Structure formats: C-alpha cells, structure tokens
Amino acid sequence: MNGPIPISTISNDAFLEIFQSMSEGLIMVDEAGNIVAANPVADQIFGYEKGALLSLKLEELLPASLRGSHINFRKGFNANPAPRRMGTGRDLLAIKKDGTEFPVEVSLSYTKYKDQLLVMAFVSDITQRKLAQDALKRSEEQLIVYAAELENKVQLRTEALNNIVQELEREVQVRKRAEEETKKALEKERELNELKSKFVSLASHEFRTPLSAVLSSASLIQQYKDKNEPDKIDKHIQRIKTSVNHLTNILNDFLSLGKLEEGKIEIKPEPVRLDQFFHEIEEELKPTLKSGQTITVHCPGEVPVVHSDSRILRNILFNLISNASKYSNEGKTIYLSCSFTPGHCAFHVRDEGIGIPDTDKKHIFERFFRATNAGNIQGTGLVLNIVKRYADLLDGTVSFESEYGKGSIFTITIPHHTS
Ligand code: ADP
C-alpha cells in the first residue's frame, strides 16, 4: 500500500545514507567542540581525507584570529541552543587543511543524544558565489565610476559647447554692430552725397540770380559813373549788397548744416538775460528788414534769465525772425515774445505774412522743402530744418501755427528751471 511513511519508521541506516549523500557539508560537534561526525562533502570542502576531521576540534577549521571568539560563541550556543544561520550580515571565513582561507555559509542545528548536546553545522563553500558577487560589485563600481566619468565628460563637453555658443553669440553681436555701423555710415554717406548734389543744383540755380544781379549792377554803376548819376549808383550798390548778403546766407545755411551733420556743435549753457538778448537780436536784424517792417519785443514780468546756449538760441531766433520778415510784406510788424510754464521757457516769433498752406504744414521741417506759396521768394528750404536740429541740441522743441494768407507763429520751447 502506497502512502506517507511515518518518520519514526525510517531506519538509522537510511538517516546515515542521507547524512553521507547531502550536497552540503555537515559537521557534528559535541559540547566541547570535538568533531564527532562529518560527511564526505565536509571532507571535500575542508580538504581532509575521509575520517581525518574526526580527530579535530571545530575551531581548527577556522582562521587562527577567529578561534578565541568562536569558542565563546560556541559556549553561548550550547547554553541556549536554537537552529539558526550564522554570520548574518557579515562574511564567515573558514580554513582548509592546506591553510587556504575561504568564505562559508553556515546554518546551525542541534540534537540531544544520551543527554549529550550535539551541534550540527551545515557548511557551504561560497567561494564561487563570493567571487561572482565581488566581480558583480566590481563591475557595479566600475559602472558607477564609468557613469561618473561619462557625466563629467558630458559636463565638460556641455561647458565647452556653451562657451562656443557664447563665443558665437558674441561674434554675432560684434558682426551685427559692425553691420549696423556700416549701414549707418553708408546711410550718412548717402545723405551727404544727396546733400552735396542738392547743393550743386541749388547753388547753380540760386547763385545765378544774385550773381547776375551783381554783374548787371556793377556794369550799370560803371555807366552811371560816366553819366555822373550818384543816386542810381547808390541804388545799385545797395542791390549788390543785398545779393551778396543772400549768397552769404545760403553759404551760412550750408555751413550750419554741415556742422550739425558732423555733430561738431557743442552746447555751452550760460545764464542769458532775455531783455538784453532780445535787444541785441533786434538791433542786429533791424537793418535787414524790409522797408517799414518793425520788430516788437515783449517779455513778461521782471527781467527773466534762462540757462542755455546763447549762441544757438540766437541762431534760432535770428532765422525765425528773418523768415518772418521774408514771408511778410513791407510795413508789417514782427512780434518777438517769451512765456514761462513750470520747467519750460518758450520763445514766440509771430508775423502777419503769407502763412503756410495746410497741405504743406506736415513737410515744413523737412530739408529742402518749400511751401507751394513761397513762389519767387528766395530760399533754400534748409533754415527750418536747421532750427529744428538746433532746438534738439538744446533739448527743446519747435512748433508752429499758421493761417494761410494771415500769418504764422513759430514757438521754441526749452527746459527752464528757476532754482
Ligand atoms: P526757406 O525760407 O529758405 O525756403 P525754410 O526752411 O526757412 O526755408 O522754410 C521752409 C518753407 O517754410 C519756406 O520755403 C516757406 O514756404 C515756409 N515758411 C517758413 N517760414 C515761414 C513764415 N514765417 N511764413 C510763411 N511761410 C514760411
């Protein structure tokens, strides 16, 4: 009949057979640590002849340095025997007959035979496993080192790449700047060339009339001198003077524009007493006005003083008053005044002249622009452009209001602080 065989019925011979054929080394010791039994695998693990282990004490299977502590351990186990694994969490070492140390794994168990405690140690040689583990650990460590090296390399390469990118960005910036500068220089060159060619055409056109007037007046003076007609001579001398003044004005405009273009004008602010300043301008301009024209000056309150570049301010007002005279008829009045608002001082030049047509107003400060009603009145279309650029230099603004056929008022506003 087949079925479970009760363990009590298994013979001692069968147990001996199991003991001998176990794949683990098995060593049995008595309480004093004498080896009383060892199976063939134990002989083989420790390198002893069959039966040679039986004449040894267990401690002789351990490296000398561990023997003392093992005796204590054994005594402890004997006092309180319980099946368990040895050396959890640390490596156990054993020693072969030829003195070679090797790692082992040991489980303990015990039995009592005729009141004698017998302790059984199940021993496995774990040299191969250890070697494999060590190799694994080494390759893991190598892997970590390799990964760290790799990371380091990647970081170095990234830094190098970043440096290259930064360098490239810098180069791009430098090139961009150089390109912009070249562009600006070319633009300036183009403007200057345009200015030069405009000047040539303007000069050939604008210079011809006054120059032929000078020539004809000079030959008439010669004739009147022969006929002894001093009044007519005076008239032609005056005509020559006017023509020469006109030519000088054109040349002055170009010189001013040239200086402005080159950025050569320096601002030198100083206190300017307006009453005195206006008086000087009035005196200087009076002889150039058309017959019957007058300048009326008005400035409010006590003598105001502004802090500005008087030379540039003078040029601005001089040009605006000259225009007011030029675009007004004989006998008309030109009004020069100033007014103050917090932080600002404004200068106004008003005339009762021909005014500016609405359609021309938006172009009035453009270089070479002349309004459609300027007709035969001499001019270059440069003055207001110069005035605007002078105002810019003073951190100021220029504006105007004008009614066609009635008159215009030009206003220059500059910063003014009363402290
Ligand atoms: P220009 O007087 O030499 O022509 P400006 O730059 O001084 O050049 O003036 C540009 C144009 O603006 C003039 O041609 C003229 O048509 C107009 N303009 C300037 N000032 C006045 C003014 N006070 N009254 C009427 N028109 C003016």
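Residues numbered from 1 in each chain as written. Predicted model: local features only at pLDDT ≥ 70, side-chain atom pairs only at ≥ 80, totals over all residues. Heavy atoms only, no water.

1. Some remarks on the site of the ligand
By nearness alone, 20 residues border the ligand, and Asn-323, Tyr-327, Arg-370, Thr-380 and Leu-384 come closest of all. One of the side-chain nitrogen or oxygen atoms of Asn-323 is found 2.7 Å away from an oxygen atom of the ligand. One of the side-chain nitrogen or oxygen atoms of Arg-370 is found 2.5 Å away from an oxygen atom of the ligand. Considered on its own, the ligand offers 520 Å² of accessible surface; in the complex 99% of this is hidden by protein. Counting residues per element, the ones that place at least two in the shell around the ligand are α8 (310-326), α9 (383-393) and β13 (407-415). Counted by class, the shell around the ligand contains 11 nonpolar, 6 polar and 3 charged residues. (Near = heavy atom within 4 Å. Polar contact = N/O pair within 3.5 Å; in protein donor to acceptor, adjacent residues only side chain to side chain. Areas by Shrake-Rupley, 256 points an atom, 1.4 Å probe, with all protein chains shown as cover. Helix = DSSP H or I, 4+ residues; strand = E, 2+ residues; numbered from the N terminus. Nonpolar A, V, L, I, M, F, W, Y, C, P; charged D, E, K, R; others polar.)

2. Some words on the sheet that holds strand β8 (residues 294-298)
The sheet built from 5 strands is open, its strands ordered β8-β10-β11-β13-β12 with mixed pairing. For this open sheet the edge positions go to β8 and β12 (397-403), each flanked by a neighbour on one side alone. The average undirected angle you get between the axes of adjacent strands in this sheet is 15°. In the sheet, strand β10 (residues 333-341) pairs with strand β11 (residues 344-350) via 7 bridges, with the strands oriented antiparallel. From the neighbouring strand, Tyr-335 faces β11, where its bridge partner is Arg-350. Packing of α8 onto the sheet brings it into contact with β8, β10, β11 and β13, and relative to β11 it is tilted by some 25°. (Pairing = 2+ DSSP bridges. Axes fitted to C-alpha atoms, helices over the stretch in contact; angles between N-to-C directions. Contact = heavy atoms within 4.5 Å.)

3. A few points about the domain arrangement of the protein
Taken domain by domain, the protein holds domain 1 (7-125), domain 2 (132-206) and domain 3 (265-287 + 295-415). A separation of 76 Å is found between the C-alpha centroids of domain 1 and domain 2. (Domains from an automatic or database assignment.)

4. So, helix α7 (residues 274-285)
Along its 12 residues, α7 runs 16 Å from first to last C-alpha, staying within 8% of the 16 Å computed at 1.5 Å per residue. Residues of α7 that are buried: Leu-274, Phe-277, Phe-278, Ile-281, Glu-282 and Leu-285. Buried residues of α7 fall within an arc of 135° about the axis and therefore sit on the same side. Next to the buried residues of α7 lie β7 (270-273), β8, β9 (305-308), α8, β10 and β11. (Expected span 1.5 Å × (residues − 1). Buried < 20%, exposed > 50% of the residue type's maximum accessible area, 1.4 Å probe, protein only. Arc of directions from axis to C-beta.)

5. Considering a nonpolar patch on the surface
The grouping of Leu-161, Ile-164, Val-165 and Leu-168 at the surface amounts to a nonpolar patch, some 370 Å² of accessible area in total. Within the fold, Val-165 resides in helix α4 (residues 127-206). Using a relative accessible area of 39% as the deciding quantity, one classes Val-165 as partly exposed. (Patch = residues over 30% accessible without salt bridge, like charges linked within 9 Å, V, L, I, M, F, W, Y side chains within 5 Å. Salt bridge = Lys/Arg side-chain N within 4 Å of Asp/Glu carboxyl O.)

6. Brief notes about the state of the cysteines
Applying the stated criterion to the full structure yields 1 disulfide. Residue Cys-299 pairs covalently with Cys-338 via a disulfide, S to S 1.9 Å. Its S-S torsion of approximately 95° makes the covalent link between Cys-299 and Cys-338 right-handed. Here Cys-338 lies in strand β10 and Cys-299 lies in the loop between β8 and β9, a separation of 39 residues in the sequence. With a relative accessible area of 4%, Cys-338 lands in the buried category. Here Cys-345 is not cross-linked by a disulfide; its sulfur's nearest cysteine counterpart is in Cys-338, at 5.5 Å. Overall, Cys-345 belongs to the buried group, its relative accessible area being 0%. (Disulfide = S-S within 2.5 Å.)

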